[in-house]
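Spelled out, the chains give:
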Amino acid sequence: MLSYRHIERNIRYQIFKLCHESRGGHIASSLSMVEILWSVFSTHYKAPRDRFLLSSCQGALALYCVQDALRNQKVELSDFLKEGSNLTMFPNDKLSFSDMTSGSLGHGISMAVGMGLHKKFNNIAESTLYVVIGDGELDEGSNWEGIMAAAHFSINNLIIIINYNKVQIDGPTATVMNIEPLVDKLISFGCSVLSVDGHSTEEITNAISTIKRNKTAGPSVLIAHTVKGHGISFCARDLSWHYRVPTALELDFVKNELDV
């Protein structure tokens, strides 16, 4: 059986390769959330009961490649960006593992609150709502409105995972729009908060288990500290890889570096 480290390297190579072949996608953002998505889908997410929303839509490559690694038969990576394919630049609700059509940032939390209210008002069996957002996405007030509503309406089956890689398209998050002290702000809005190493599958998986086991009155937030472009030496913390499409030479280098 393959170790997770080997699977992780393969996922990162597939992200890089898919962007090269399709000439589209967001490499650095996707590389930063591999462990987050793997932890959710390999251990915790139960379809069709649970809901998953990738509000941080730039991670679409990671979402698709994680599903491929999990042998999801509904994912054919070669279809990415092809006409008529559901594997579009950003996830959509036609996919069995995506419960929102993303593209515009800042809406995932509020959509999940609506799903939570629907279940509560209609006495639908308990499920877990997973929302993955980016730290730069927290610049948008709609997220804070959603968090406030989740606390007010006691949506305690909502787990918000923040991909805290501390970089957004315009530069360091602290420079563009400082969101610290983040933990204090989230607690003041009625959330319970845990922080983990966002590149440790074990820490993320265990933290989600803790959240589900120790239900609180309102939503839970998992702050996953990550590195943008993690896992590939020349992508890490390099702003240019937010949009760049890799060359064939770079793809060969990555294949050797990741030893896949």
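Residues numbered from 1 in each chain as written. Predicted model: local features only at pLDDT ≥ 70, side-chain atom pairs only at ≥ 80, totals over all residues. Heavy atoms only, no water.

J.: Is there a simple way to think about the overall build of the chain in this case?
T.: Tallying secondary structure elements over the chain gives 10 helices and seven strands in all. Taking 18 Å as the expected radius of gyration for a compact globule of 260 residues, we find that the chain reaches 17 Å, a close match to that expectation. Each principal axis of the C-alpha distribution contributes one length, and for the chain these read about 55 × 40 × 35 Å. Within the chain, the proportion of its 260 residues that are buried is 52%. A separation of at least 24 residues holds for 75% of the contacts in the chain among residues at least 6 apart in sequence. With an accessible surface of roughly 11400 Å², the chain has 53% of that area assigned to carbon and sulfur atoms. Positive and negative side-chain charges of the chain, numbering 23 and 27 respectively, have mean locations separated by a distance of 6 Å. (Helix = DSSP H or I, 4+ residues; strand = E, 2+ residues; numbered from the N terminus. Rg over C-alpha atoms; globule rule 2.2 N^0.38 Å. Buried < 20%, exposed > 50% of the residue type's maximum accessible area, 1.4 Å probe, protein only. Contact = heavy atoms within 4.5 Å. Areas by Shrake-Rupley, 256 points an atom, 1.4 Å probe, with all protein chains shown as cover. Lys, Arg positive; Asp, Glu negative; His and termini not counted. Charge placed at Lys NZ, Arg CZ, Asp CG, Glu CD.)

J.: Explain the nonpolar core here, please?
T.: Side chains that are nonpolar tend, in soluble globular proteins, to be buried together. In terms of nonpolar packing, the biggest core is built from 51 residues, with Leu-37, Phe-52 and Ile-161 touching the most fellow members. It is helix H1 (residues 4–22) that provides the largest number of residues to this core, a total of eight residues. If we ignore the near neighbours within four places in the chain, the residues touching Leu-37 are Phe-52, Leu-54, Gly-59, Ala-62, Leu-63, Val-66 and Val-132. Counting residues in hydrophobic clusters, the runner-up holds 25 residues, among them Met-115, Trp-144, Ile-147 and Leu-186. (Core = buried A, V, L, I, M, F, W, Y, C linked by side-chain atoms within 4.5 Å.)

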